[in-house]
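# Descriptive structure summary
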Amino acid sequence: LLITQLIGVSAVAAWAGGTSFVMFSVIKALGLLRMPAAADAVGIDVYEHGATVMPDVLPMPGEPLMGGDSRVSAPAVGD
């Protein structure tokens, strides 16, 4: 039974690996695997949604950190 299970696991791994290789090769050939260079520069949240998820840690380009402080700090527990 163990040999049969090892053969099954190997077959599934080979199928998943082969299918993934073909799929990602096609996506790469179409140029869809990476985000645009502009999104690399400003961040994917700002590029796609026009907002940042963590404005106190990673502000949008040209905006100061929240509170006007130049240091990055986390709120205390209970704030």
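The following paragraphs examine the structure supplied in this document. (Residues numbered from 1 in each chain as written. Predicted model: local features only at pLDDT ≥ 70, side-chain atom pairs only at ≥ 80, totals over all residues. Heavy atoms only, no water.)

## Considering the overall build of the chain
The helix and strand tally for the chain stands at 3 helices and 0 strands. In the chain, the succession of helices and strands from N to C terminus is α-α-α. Classification of the 79 residues of the chain by burial places 5% in the buried group. In the chain, 0% of the contacts between residues at least 6 apart in sequence involve partners at least 24 apart. Summing over all exposed atoms, the chain offers an accessible surface of approximately 6700 Å²; the carbon and sulfur share of this is 69%. (Helix = DSSP H or I, 4+ residues; strand = E, 2+ residues; numbered from the N terminus. Buried < 20%, exposed > 50% of the residue type's maximum accessible area, 1.4 Å probe, protein only. Contact = heavy atoms within 4.5 Å. Areas by Shrake-Rupley, 256 points an atom, 1.4 Å probe, with all protein chains shown as cover.)

## Side note on a nonpolar patch on the surface
Together, Phe21, Val22, Val26, Leu30 and Leu32 give the surface a local cluster of nonpolar side chains, amounting to about 560 Å² of exposed area. One can find Leu32 in the loop between helix H1 (2–29) and helix H2 (37–42). (Patch = residues over 30% accessible without salt bridge, like charges linked within 9 Å, V, L, I, M, F, W, Y side chains within 5 Å. Salt bridge = Lys/Arg side-chain N within 4 Å of Asp/Glu carboxyl O.)

## Notes on H1
Across its 28 residues, H1 extends 40 Å between first and last C-alpha, which sits within 8% of the 40 Å expected from 1.5 Å per residue. Just downstream of H1 lies Gly31, where phi reads positive at about 80 degrees. (Expected span 1.5 Å × (residues − 1).)

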